[in-house]
Structure formats: C-alpha cells, structure tokens
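Letter by letter, the chains look like this.
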Protein chains: 2
Amino acid sequence: MKTENQGTLYGVGVGPGDPELLSLKAARLIGNAAVIAYPAPEGGESFARSIASAFIPNQCIEIAMPVPMRTERFAAQSVYDDGAKDIADHLRAGRDVVVLCEGDPFFYGSFMYLHNRLADQFNVEIVSGVSSLVACAGRLAQPLAGRNDVLTILTGPMDDDALEQRLLLGGSFVIMKVGRHLPRLRALLDKLGLLSNSGYVERATLPTEKVMPLADVDESCVPYFSMILIYDGDEAWKK
Amino acid sequence: MKTENQGTLYGVGVGPGDPELLSLKAARLIGNAAVIAYPAPEGGESFARSIASAFIPNQCIEIAMPVPMRTERFAAQSVYDDGAKDIADHLRAGRDVVVLCEGDPFFYGSFMYLHNRLADQFNVEIVSGVSSLVACAGRLAQPLAGRNDVLTILTGPMDDDALEQRLLLGGSFVIMKVGRHLPRLRALLDKLGLLSNSGYVERATLPTEKVMPLADVDESCVPYFSMILIYDGDEAWKK
C-alpha cells in the first residue's frame, strides 16, 4: 500500500551514451540523489552508471544489480528480485531511489522488471530520456520517419519468418539488439533487397561509435549495443 | 559545396514540452546561439520556441517560419524554401544556426524539410531529443515495449484499411498525429477489440497535459499534439 512517508522511485533515462544528452531533469535528480540503482554486467562496469558518473554525488548509496548477460533468464529475474527488495527497503524508509536507465526507461529497457515489481506499492515517476532509436537516426544523418510513414521496431532475436512478415509490408524499420544476430539479419535483408537501404550504428554518440552502411560491417565483432536502421525505398538512405 | 568558413546547422530536439527535458547539450547550444530558427503556426506562438524560451539569449537573431496548419501542403513547402534561404545566408556568412525541433529532429518532425534543402551544402549536426513517443509512454506509466516485442508506429491520417492491416499483426502500437482523426481511430480500435488496451495522452509533460484511457476521451476537443498508445494484449495497460 502506498503511504505519504514513502520515498519515490524515479526511473531516469540517461540517454544513449553522450553524458551531455542527459536531460536537465535527469542531471538534477541524479545530482541530488541519496540512493541510486543500476544494472551492471556481472563483473563489469555499468553502462548506465558510466554515462551518469559525473553527476553522482560522492556520498550516494549505490545499488548495483549484477545482471547475467544473454542466456540466463531465470538468474536475471532473481537479480531483479533482490534489487527490488533493496530498493523497497529504502523507499519504505522514506528515501527516494533514482534508477539509472540506458536510453529511455520504458523503451526496450530493463527498468520494466523493477517497475513490474514495485509500481503497485510505491510512487513511481518516469523521467523520459533520449532513446537509442532517435540517437542512431541522428548519427546516420537521415530522417528516420516523417509525414505519414509507418515505422516498425523489431529485434535481432526474432526469427526470420516473423521478421520477413513485417519487412515485406514496407515502411521504415529499426532492428534493436543486433549483436551476434548480425550475419543472419544481414543475409535476410540482402535476400529481401533491403541491404542497400540499411544503415548500421554501434555505441551511438560515444567516442567508440561506429556508423556505416550495413553492407560494410565486420561481423566478427558486433556489440550488443548495435542497431540496424532500414530506410524506406522512396527516400533510401545514402552515405 | 561545403567550406571550412561556413557555419554549422544544428537540428536540436527540445523534447515533448517540459523545458527540463531539454538535454544539457541542447540547453548549451541554445544558450550560446547567435541565430535560431523554428516553425510557428501562422499568427501563433511557436511551440518549440516556447519550450526553449528560458534558454534563448536576448540578442539572438530569430527566424520564425510561419507554417500553415493542416491542409495547405504547397504553401508549407514554400515557407521551408524561404526559411532555408534565410538560414543558408547565415551559414554562408559563418554563423551557426540552431533550429529548434519539437521532440526529436528526425522523428516525425518538420526539421526534415530543412535538412532536405540544406544538408548537401552545409555541415549539419543533429542533437537528438526526448521524443513524444517515449514521453507519452512515461506518462501512461506502463512500459511500451521490451524484450522482443514488436512496436509499430502509425499516424492518424492513414486510412482504415492500412491501419487495420497493421493492427491485426499484433504487438504494441503508437498512433501519432491523432487530432481530428480521433473518432474514426477510436471506432476502428473498438471494432478490432483493442479499445480497452488503448491509452491516450495529449500535451505530454506540460501543465495542460491529459492522460486517460482512450475510451474516456471527449472527442470534441482533441489537439494536434495527441497520441494513442495501444498495449499488447498479454500485458495490457490498466489504469
């Protein structure tokens, strides 16, 4: 049950990578935070924390949720169980908790796992962020969708049949979570005649960013934070 | 032909409405701008300018592009012709020009019309913003898409057959540019059994914001800046 003395759970988008793409509100909330939380790969640095690091107060309590990568789904869910418990303890004690979210909290992010566990019991405020979707379009230097275009967002782990069904309908497309699926996705787009309309972005807005035609990508080293954008044939993307 | 002495054209997203959702980079560029440009409804205040107004320097040169609303497409294109000419003059004289864009510059915005006219001749930098898409999802307080969900972005002016073809495929949906199309869209969603999964947001993150189930909207006064979000049946949105 929600009560007046509880803290508020803030889901704060920190944007795609460039710390200067934090919103003024995100920078203010992080700068004043007593407790922050974020996902972190097991044994590695949290990407969300690295984006926001310049704004995190020295005395801040930090809750790192060590998320196993890729395969171990059940293990990941127990990490969010534990994280939600720690966060709930602070909220019950009247302390606000700021959760750092890569991109936007509600757009293909892990904040949904905390939200699902906590939103019934606590006040939640979402601070929307610059999504990877628009950041990648900006880096490819071509409008992604306008007027009455249809834009469909797909993901790399989808199987070929499901992807093809959507791709054949036309419009513009984004494929999120590309990573190790790149060779299969590229072969499918080539088969459908869409390869020359396809751009590729990894680590958008970071110093390590790569932006190129999908046809040119070295498929031996594609990171998780990579995206394919497929421009509508009428105004195909040209680099 | 691009030369070293030219200014840079900045397409700067100012977010959905709350000035605190400007990025730090947007606030910096606007605060240092010598020339800004923005669309404005004929005889009315520019929404993009109103969001950014606190950051605009007093001595700044302002180029307002008086865009006719709704119907007069050809007239609008001549407004962008004129705006692009004024902007090009400043760029050639070595002055940077900051164009204020509602939401994100490349996501269903009018910046594409300037970009199409100027990107071949001048250096352009896109500063991505918080899109209305993620802002509306945040205000409806429910994750819009996660894991391997398909999210399709549609627009109100699309005809019923085109909308229905997409809606029958499943997944989550956003309908942008709702406005006067609301009665027709609501009837279609009702027919397809999607009305109870549909949320409505107008003027997200502004003091005049409205957030409610689509079923409850008074269709007599729906503004252009309104959006319908349709949640996937498995985890339907409940208010």
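Residues numbered from 1 in each chain as written. Chains lettered and ligands numbered in written order. Predicted model: local features only at pLDDT ≥ 70, side-chain atom pairs only at ≥ 80, totals over all residues. Heavy atoms only, no water.

- Chain A appears in an unreviewed UniProt entry as Precorrin-2 C(20)-methyltransferase from Cohaesibacter celericrescens.
- Quoted verbatim from the Pathway (unreviewed entry) field of the UniProt record, the comment on chain A reads "Cofactor biosynthesis; adenosylcobalamin biosynthesis."
- In its Sequence similarities (unreviewed entry) section, the UniProt record describing chain A reads: "Belongs to the precorrin methyltransferase family." (UniProt positions renumbered as here; feature names shortened; annotations may be inferred.)

1. Re the domain arrangement of chain A
Residues and elements named next belong to chain A.
And step 1. Partitioning chain A into structural domains gives domain 1 (8-127) and domain 2 (132-235).
And step 2. Relative placement of domain 1 and domain 2: their C-alpha centres are 27 Å apart.
And step 3. Each partner contributes residues to the interface: domain 1 has nine residues there, and domain 2 has 12 residues.
And step 4. In total, domain 1 and domain 2 occlude about 940 Å² of area from one another, counting both sides; carbon and sulfur atoms represent 73% of this.
And step 5. Run the count over domain 1 and domain 2 and you get zero salt bridges. (Domains from an automatic or database assignment. Contact = heavy atoms within 4.5 Å. Buried area = accessible area lost by both parts, 1.4 Å probe. Salt bridge = Lys/Arg side-chain N within 4 Å of Asp/Glu carboxyl O.)

2. Quick notes on the packing of aromatic side chains
All names here are of chain A.
And step 1. Taken as a whole, this structure holds 10 aromatic pairs over all chains when the rule is applied.
And step 2. With centroids separated by 5.0 Å and ring planes inclined at 50°, the aromatic side chains of Phe47 and Phe225 adopt a geometry described as tilted. Note that Phe47 is positioned in helix α2 (residues 47-52) and Phe225 in the loop between β9 (210-213) and β10 (226-230), a separation of 178 residues in sequence.
And step 3. Classification of Phe47 by relative accessible area gives buried; the value is 18%.
And step 4. Residue classification places Phe225 among the partly exposed positions, given a relative accessible area of 38%.
And step 5. Taken together, the aromatic side chains of Phe47, Tyr224 and Phe225 make up a single cluster linked through ring pairs. (Phe/Tyr/Trp six-rings, centres within 6.5 Å; stacked < 30°, edge-to-face > 60°. Helix = DSSP H or I, 4+ residues; strand = E, 2+ residues; numbered from the N terminus. Buried < 20%, exposed > 50% of the residue type's maximum accessible area, 1.4 Å probe, protein only.)

3. As for the sheet that holds strand β5 (residues 123-127) of chain A
Residue and element names in this part refer to chain A.
And step 1. Read across the sheet, five strands follow the order β3-β2-β4-β1-β5 without closing on themselves; strand pairing throughout is parallel. In this open sheet, the two edge strands, each paired with only one partner strand, are β3 (61-67) and β5. Neighbour-to-neighbour, the strand axes of the sheet open up by a mean angle of 25°, direction not taken into account.
And step 2. Relative to β5, strand β1 (residues 8-13) runs parallel, the two sharing five bridges. The partner of Leu9 across the bridge, within β5, is Val124. (Pairing = 2+ DSSP bridges. Axes fitted to C-alpha atoms, helices over the stretch in contact; angles between N-to-C directions.)

4. Remarks on the interface of chain A and chain B
And step 1. The partner chain B presents 53 residues to the 53 residues of chain A that form the contact.
And step 2. Counting each side, the surface lost to burial between chain A and chain B is near 4,700 Å², with a carbon and sulfur contribution of 59%.
And step 3. Between the two partners, chain A and chain B, sit two salt bridges.
And step 4. With its nearest N and O atoms 2.5 Å apart, the salt bridge here joins Arg28 of chain A to Glu20 of chain B.
And step 5. In this assembly, chain A and chain B are joined by 26 residue pairs in polar contact (both at pLDDT 80 or more).
And step 6. Listed by contribution, the elements that provide at least two residues to the side of chain A that touches chain B are α1 (24-31), α4 (111-118), β5, α5 (132-140), β6 (151-155) and α6 (160-167) of chain A. (Polar contact = N/O pair within 3.5 Å; in protein donor to acceptor, adjacent residues only side chain to side chain.)

5. Description of the sheet that holds β9 of chain A
Working definition: the strands of a sheet are paired by backbone hydrogen bonds and lie parallel or antiparallel to each other.
And step 1. Overall, mixed pairing links the 10 strands, which are arranged β9(A)-β8(A)-β10(A)-β7(A)-β6(A)-β6(B)-β7(B)-β10(B)-β8(B)-β9(B) in an open sheet. Looking at the sheet topology across the chains shown, the edges are occupied by β9 of chain A together with β9 (210-213) of chain B. Adjacent strand axes in the sheet meet at a mean angle of 15°, parallel and antiparallel pairs treated alike.
And step 2. Sheet topology places strand β6 (residues 151-155) of chain B next to strand β7 (residues 172-176) of chain B; five bridges connect them, and they run parallel. Along β7 of chain B, the bridge assignment pairs Thr152 of chain B with Phe173 of chain B.
And step 3. Sitting on the sheet, α5 of chain A is in contact with β6, β7 (172-176), β8 (198-202), β9 and β10 of chain A, with an inclination near 65° to β10 of chain A.
And step 4. Seen against the sheet, helix α5 (residues 132-140) of chain B touches β6, β7, β8 (198-202), β9 and β10 (226-230) of chain B and runs at an angle of roughly 65° to β10 of chain B.

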